[in-house]
Amino acid sequence: MNIHEKHIKRCIELAQNGLGTTYPNPMVGSVIVYEDKIIGEGWHKKAGEPHAEVNAVKSVKDKSLLKKATIYVSLEPCSHFGKTPPCCDLIIANEIPNVVVGTIDPNEKVAGRGILKLIEAGANVTVGVLEEECNELNKRFFTFHQKKRPYIILKWAESQDSFLAPEKEIDQARKPIWITNQYSRQLVHKWRTEEQAILVGTQTVVDDNPKLNARDWNGNNPVRVVIDQNNRIDENSFIFDDSVKTFIFSKDSKPSKYNTQFEELDFNKSIIPQILDVLYQNQIQSIIIEGGRQALQSFIDENLWDEARIFVGKTNFLKGTRAPIITRKNTTKTNILSDELIQIRNHD
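In short, a report on the structure. Values in this document were obtained by computation on a predicted structure and should not be read as measured data.

### Examining the pattern of salt bridges
Okay, step 1: Taken as a whole and assessed by the stated rule, the structure comprises 17 salt bridges.
Okay, step 2: Across the pair Lys 117 and Asp 89 runs a salt bridge whose closest N-O atoms are separated by 2.7 Å. Residue Lys 117 is located in helix H4 (residues 113–120), and its partner Asp 89 is located in helix H3 (residues 87–93); the two are separated by 28 residues in the primary sequence.
Okay, step 3: Residue classification places Lys 117 among the partly exposed residues on the basis of a relative accessible area of 28%.
Okay, step 4: The class of Asp 89 is partly exposed, set by a relative accessible area of 29%.
Okay, step 5: When the shortest N-O distance is used, the salt bridge between Glu 290 and Lys 155 registers 3.9 Å. With Glu 290 in strand E12 (residues 286–291) and Lys 155 in strand E6 (residues 151–158), this residue pair connects regions lying 135 residues apart in the sequence. Each member of the pair, Glu 290 as well as Lys 155, carries the same accessibility label: buried.
Okay, step 6: Bridged by salt links that share partners, the residues Glu 136, Lys 139, Glu 307, Arg 309 and Arg 345 form one connected network.

Dropping the structure here:
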């Protein structure tokens, strides 16, 4: 690993501190180096707050060193005015002569303009250091801007014999059946704080009455997205508690209220692209699909997914609701005590 890669790696490490808090902005880290020593570093913490480069410059004690330093940044510095001024202008104003960039920003408002602006101002700019790693860091942001849809994560838990749930007795209604251990469930709640939205189908809400929040981890609760074609869900369900922004998709829309937004779908056509388009228009960059089987299988069948995270417990149900069918290529497997976690990346 050369010196540029070493410092961009540090930028990536810093940027990861913003996972789940920077939406709709990307995660970005920055370090400032003088004579092979880091003299300043920072990362973007939250949309509307200072960007990584600003925090890095602020952290430098002796500002006179900036004129002889190199600034490293995992993503191309912005060149446009948003909620904060352009970072390019900050770099130029401080006369930082050398700029090393991990990868180009896919946002059409930037898309190389920041690099061009720095070069025109006389900076020595290096682009494409640990580019693949920097793209992976912001896979949600890149997918949103390049594919015009959220980054999609499928998640479910299945029994050893590949069932999502056993057949339920009447007195079990609206009570979840746990397949995984408490540590796996806590991990799921951590994931919920990292993604912008969470989606379930009608049957999941009817059967389990989920809150779809992050009770077991500290962080933001995701936007709730629910498919309810025929408005079957009881109005006393937790999803109608207005505690967090909620989208309800059905064939007959209702007037929206406070934190609950009703959206009409044409169920004579494929509904998944319609849902994704509404989420894109509402700046939702990532979503975790938590069920039920029909919703999960619909995303798989249309090849509209980026990752699958599948927990396999030790229980056998013998009969019940079958787990979705997915091609298990590009997998990694880890154990969480007695549970197995299978993670699949969709590279098609």
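So, next bit.
### Details of the environment of Trp 191
Okay, step 1: Within the secondary structure layout, Trp 191 lies in helix H7 (residues 182–194).
Okay, step 2: A residue is classified by how much of its surface remains accessible, and Trp 191, at 6% relative accessible area, is buried.
Okay, step 3: Sequence separation between Trp 191 and Ile 153 is 38 residues; the distance between their C-alpha atoms is 10.0 Å.
Okay, step 4: Ignoring sequence-local partners within four residues, the contact set of Trp 191 consists of Lys 155, Ile 288, Arg 309, Phe 311 and Leu 341.

### A look at the side chain of Asp 242
Okay, step 1: Residue placement: Asp 242 occurs in the loop between strand E9 (223–227) and strand E10 (246–250).
Okay, step 2: Filtering out sequence-adjacent residues up to four positions away, Asp 242 remains in contact with Arg 224, Lys 257, Tyr 258, Asn 259 and Thr 260.

### Some thoughts on the packing of aromatic side chains
Okay, step 1: Applying the stated criterion across every chain yields a total of 5 aromatic pairs.
Okay, step 2: Ring geometry for Phe 240 and Phe 262: centres 6.5 Å apart, planes at 25°, overall stacked. Of the two residues, Phe 240 sits in the loop between E9 and E10 while Phe 262 sits in strand E11 (residues 260–264), which places them 22 residues apart along the sequence. There is no split in this pair, since Phe 240 and Phe 262 are both buried.
Okay, step 3: Residue placement shows Lys 45 over the ring face of Trp 43; its charged tip is 5.0 Å from the ring centre.
Okay, step 4: Seen from the ring of Phe 247, Lys 245 lies directly overhead, with NZ or CZ sitting 5.2 Å from the centre.

Conventions and cut-offs
- Residues numbered from 1 in each chain as written.
- Predicted model: local features only at pLDDT ≥ 70, side-chain atom pairs only at ≥ 80, totals over all residues.
- Heavy atoms only, no water.
- Salt bridge = Lys/Arg side-chain N within 4 Å of Asp/Glu carboxyl O.
- Helix = DSSP H or I, 4+ residues; strand = E, 2+ residues; numbered from the N terminus.
- Buried < 20%, exposed > 50% of the residue type's maximum accessible area, 1.4 Å probe, protein only.
- Contact = heavy atoms within 4.5 Å.
- Phe/Tyr/Trp six-rings, centres within 6.5 Å; stacked < 30°, edge-to-face > 60°.
- Lys NZ or Arg CZ within 6 Å of the ring centre and 35° of its normal.

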